[in-house]
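# Fold and geometry: a report
Each chain, letter by letter, is given below.
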Amino acid sequence: MLNRAFFRIAVVGTVLSALSSTSFADDIPIIKEVKDSGKLTIASSLGYAPFEYIDEQGKPVGLDIELATAVAELLNAKLDIVTIPFASQIPGLAAGRIKVGWATFSVTEERLKQADFVTFMQAGTVVATTRDNKKKFAAKNSLCGAKVAVQSGTSADFAADKLDVECKAANLPALNKAIYPEQKDTIQAVLSGRAEARLDDSTSAGYYEVTSKGKLIVTGDSFYPTPLGVVIAKGDKETAAMLEAALQKLISNGTYSNILKKYNMTTSSVEKPTIYTDAAQLAQ
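Given the structure is predicted, the values throughout are model-derived calculations rather than measurements.

### Observations concerning the overall build of the protein chain
Helix and strand counts for the protein chain come out as ten helices and 13 strands. In terms of overall size, the protein chain behaves like a compact globule, its C-alpha atoms giving a radius of gyration of 19 Å where 284 residues would be expected to give roughly 19 Å. When its C-alpha atoms are laid out on the principal axes, the protein chain stretches across 60 × 40 × 40 Å. The buried share among the 284 residues of the protein chain stands at 49%. Nonlocal contacts in the protein chain, meaning residues at least 24 apart in sequence, comprise 78% of its contacts between residues at least 6 apart. By element, 51% of the accessible surface of the protein chain is carried by carbon and sulfur atoms, the whole surface being about 13,400 Å². For the protein chain, the distance from the average position of its 31 positive side-chain charges to the average position of its 31 negative side-chain charges is 4 Å.

### Concerning the packing of aromatic side chains
For any pair of aromatic rings, geometry is given as the distance between the ring centres together with the angle between the planes. Under the defined criterion, the tally for this structure stands at six aromatic pairs. Ring geometry for Phe223 against Tyr224: centres 5.0 Å apart, planes inclined by 85°, an arrangement best described as edge-to-face. Tyr224 carries the same exposure label as Phe223, and that label is buried. Counting every residue linked through ring pairs, the aromatic cluster contains Phe86, Phe105 and Phe117.

### Notes on the confidence of the model for the protein chain
When pLDDT is averaged along the protein chain, the result is 89; 91% of the residues meet or exceed 70. Within the protein chain, no element has a lower average pLDDT than helix α1 (residues 18-26), which sits at 42, and none a higher one than strand β13 (residues 274-276), at 98. When the criterion is pLDDT under 50, residues 1-5 qualifies, and its contacts beyond four places in sequence or with other chains add up to nine contacts. This model gives residues 13-24 a pLDDT under 50, and the stretch forms eleven contacts once residues within four places in sequence are excluded.

### Considerations on the environment of Leu191
For Leu191, the position within the fold is in helix α7 (residues 183-191). For Leu191, a relative accessible area of 36% puts it in the partly exposed group. Sequence separation of Leu191 and Lys177 is 14 residues, and the distance between their C-alpha atoms is 16 Å. Those residues in contact with Leu191, other than ones at most four positions away along the chain, are Lys215 and Leu216.

### Things to note about the pairing of strand β11 (residues 197-201)
In terms of burial, β11 is largely enclosed, as five of its five residues are buried. Relative to β11, strand β8 (residues 115-130) is paired through four bridges, and the arrangement is antiparallel. Counterpart to Thr125 in the pairing with β11 is Asp201. The pairing of strand β9 (residues 147-151) with β11 spans two bridges and is parallel. Pairing of Ala149 across the sheet is with Arg198, part of β11.

The rules behind each value
- Residues numbered from 1 in each chain as written.
- Predicted model: local features only at pLDDT ≥ 70, side-chain atom pairs only at ≥ 80, totals over all residues.
- Heavy atoms only, no water.
- Helix = DSSP H or I, 4+ residues; strand = E, 2+ residues; numbered from the N terminus.
- Rg over C-alpha atoms; globule rule 2.2 N^0.38 Å.
- Buried < 20%, exposed > 50% of the residue type's maximum accessible area, 1.4 Å probe, protein only.
- Contact = heavy atoms within 4.5 Å.
- Areas by Shrake-Rupley, 256 points an atom, 1.4 Å probe, with all protein chains shown as cover.
- Lys, Arg positive; Asp, Glu negative; His and termini not counted.
- Charge placed at Lys NZ, Arg CZ, Asp CG, Glu CD.
- Phe/Tyr/Trp six-rings, centres within 6.5 Å; stacked < 30°, edge-to-face > 60°.
- pLDDT = per-residue confidence, 0-100.
- Pairing = 2+ DSSP bridges.

Rendered as structure tokens:
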């Protein structure tokens, strides 16, 4: 059952003074659940570096965790993390078990049928492979006929399906998609030769290029650009308004920029958060 996958971690951020907390909260519409509990509860897989993962000391860290902690501080609340597999977070919202899935979701037409989003970044899909295969997979259509690893339910998973359609339309061999439960599994599949390449967001792919010390190389340009953000239940306007206002505050006061700089992701920054509720917004 989904409930058995829950694991809670309380993250205590910097405690603001009562006066400054009130001044921050005055212009952010805080939902009743946060006011009553004193907690901002989010779902996270804690398995997708550099956004959310467990460090060597056993603590939750990453870009998403830092942003969520900063948002919690603005709400005069503590960050409470419920650990749920990535693919189970949208179903968890629909079931009313969680209010916010904070996993830097790519906003897609398929997902917008099930949930709404508040975005704070943008990224495209890129190809990552071993140094030996860098030239082989320099072009997007070079993946046609190749075995490509993706994490289940991610933007890379959807991108592989789109690319497969393009391959067939061009009378090229079909893309052989290999689906894995976690991002680390796609990396090991490529490094071990079980897959020839992997698809990933341009953001995290660049991170893995550095941490793999050149074993994984990002090839070519990014494609299928999409906004990235947190996911909330369909029609939950109150939570959307709270997160939009809090994220805008972080953008305005420079906290957002500092966090993105730390993870070398300023090229994926946005000027303001956006609430997505309809697929028509993606075409704007």
